[in-house]
Amino acid sequence: MQRLLEFISHHPYLASGAVLAAVALAVYEVQARIQAFAPSSAMQAVRLMNQGALVLDLRTKESFDAGHISDARNVPAADLESQVDSLKNGATKA
């Protein structure tokens, strides 16, 4: 620890640059993780669906039957946890 403090006192600009680089990296990583959970626009949603994304409809069966996105799977919100394994495996459509 003594040698680290000695290094910092002899090279303040280099130590400051290293700290700034670490802070910049941390900020970039936090922004990237937050952006991964950002809502999708309609155009992004259509592009993902065209690439084979699974679309889940969490409404009730009656609402789903009244109208839904083509190829969407109806999984009521109350049953979502019990359906996780079948959704991961790509089991037969509901």
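Going by the structure above, here's the rest.
Residues numbered from 1 in each chain as written. Predicted model: local features only at pLDDT ≥ 70, side-chain atom pairs only at ≥ 80, totals over all residues. Heavy atoms only, no water.

(A) Quick peek at the overall build of the chain. What the chain contains, in helices and strands, is five helices and two strands. Reading the helices (α) and strands (β) of the chain from amino to carboxyl end gives α-α-α-β-α-β-α. Rg of the C-alpha trace for the chain: 24 Å, well past the compact-globule value of 12 Å for 94 residues, more than 25% over. With the C-alpha coordinates of the chain rotated into their principal frame, the extents come out at 70 × 30 × 20 Å. The contacts of the chain with a sequence gap of at least 6 include a subset with a gap of at least 24, amounting to 7%. Working note: accessible area of the chain is about 8000 Å², and carbon and sulfur atoms make up 62% of it. (Helix = DSSP H or I, 4+ residues; strand = E, 2+ residues; numbered from the N terminus. Rg over C-alpha atoms; globule rule 2.2 N^0.38 Å. Contact = heavy atoms within 4.5 Å. Areas by Shrake-Rupley, 256 points an atom, 1.4 Å probe, with all protein chains shown as cover.)

(B) A look at a nonpolar patch on the surface. There is a patch of nonpolar side chains on the surface, built from Met 1, Leu 4, Leu 5, Phe 7, Ile 8 and Leu 14 and spanning about 630 Å² of accessible area. The greatest single-element share of the nonpolar patch, amounting to four residues, is contributed by helix 1 (residues 2–10). Position of Leu 5 among the secondary structure elements: in helix 1. (Patch = residues over 30% accessible without salt bridge, like charges linked within 9 Å, V, L, I, M, F, W, Y side chains within 5 Å. Salt bridge = Lys/Arg side-chain N within 4 Å of Asp/Glu carboxyl O.)

(C) Highlighting the environment of Ala 78. One can find Ala 78 in the loop between strand 2 (73–74) and helix 5 (84–89). The class for Ala 78 is exposed, based on a relative accessible area of 75%. Put simply, Ala 78 and Gln 35 are 43 residues apart on the chain and 28 Å apart in space, counted from C-alpha to C-alpha. (Buried < 20%, exposed > 50% of the residue type's maximum accessible area, 1.4 Å probe, protein only.)

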